[in-house]
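Examination of the molecular architecture
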Amino acid sequence: GRQCYGFFVPDHGLHKKDFGVCVLVVGERTQEACLRAYRNGNFYGAAHGLGELRFTSIGFDGRTVTAATDKPAKFEIKTARGVVQTNTGTSVEWTVPKDDNDRLGPSVDVFARVKATAADGCGETLFSQAFMLA
């Protein structure tokens, strides 16, 4: 009866330095806090996984997706339509467009997720959980 979030695994790397990991966002390093983070979707994926780039915030307030990192990164916000917003810096923001009737739309934007790639070329790439927009 729980929602299943995406997990990140080392299934894509050809080199030993390439691997995927789940990065838990917790206030304390306890078993309970870690399990709560997984249950609530408070984690993100990192391809490379060496901690050379970290999300400092990721959020969706029902209208706007935001994310920030501790170092400059190339951000991409993706929906079912593909990349809908790009930005280079330490943060990104994307507002879900409204339709002609002032409702959130278009209907193809069912979800959005954030990808951040380190601007310094270290190889670190981060992936947020998907935000359900509908």
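Our subject is the structure listed above.
Residues numbered from 1 in each chain as written. Predicted model: local features only at pLDDT ≥ 70, side-chain atom pairs only at ≥ 80, totals over all residues. Heavy atoms only, no water.

Brief notes about the packing of aromatic side chains
Two descriptors summarise a pair of aromatic rings, namely the distance from one centre to the other and the angle between the planes of the rings. Taken as a whole and assessed by the stated rule, the structure comprises three aromatic pairs. Measuring from centroid to centroid gives 4.9 Å for Tyr 44 and Phe 55, while their planes differ by 85°, and the two rings are edge-to-face. Placement of the pair is Tyr 44 in strand 2 (residues 43-47) and Phe 55 in strand 3 (residues 55-60), with a sequence separation of eleven residues. Centroid distance Phe 60 to Phe 131: 5.9 Å. Interplanar angle 45°. Geometry classified as tilted. Of this pair, Phe 60 sits in strand 3 while Phe 131 sits in strand 8 (residues 131-132), and the two are 71 residues apart along the sequence. Judged by relative accessible area, which is 24%, Phe 60 ranks as partly exposed. (Phe/Tyr/Trp six-rings, centres within 6.5 Å; stacked < 30°, edge-to-face > 60°. Helix = DSSP H or I, 4+ residues; strand = E, 2+ residues; numbered from the N terminus. Buried < 20%, exposed > 50% of the residue type's maximum accessible area, 1.4 Å probe, protein only.)

Here we look at the nonpolar core
Among the nonpolar cores identified, the biggest contains 20 residues, and Phe 55, Phe 75 and Val 114 are the most heavily contacted of them. It is strand 4 (residues 64-79) that provides the largest number of residues to this core, a total of five residues. (Core = buried A, V, L, I, M, F, W, Y, C linked by side-chain atoms within 4.5 Å.)

Regarding the pairing of strand 3
Successive residues of a regular strand alternate their side chains across the two faces of the sheet. Across five bridges, the pairing between strand 3 and strand 4 is antiparallel. Each bridged residue has a counterpart across the sheet, and for Ser 57 the counterpart in strand 4 is Ala 68. (Pairing = 2+ DSSP bridges.)

As for the pattern of salt bridges
Counted according to the given criterion, the structure contains two salt bridges. Where Glu 76 meets Lys 74, a salt bridge forms, and the shortest distance between an N and an O atom there is 3.8 Å. A relative accessible area of 14% means that Glu 76 is categorised as buried. Here Glu 76 makes a salt bridge to Lys 78, at a shortest N to O gap of 3.6 Å. Using a relative accessible area of 22% as the deciding quantity, one classes Lys 78 as partly exposed. One continuous salt-bridge network, built from bridges that share partners, spans Lys 74, Glu 76 and Lys 78. (Salt bridge = Lys/Arg side-chain N within 4 Å of Asp/Glu carboxyl O.)

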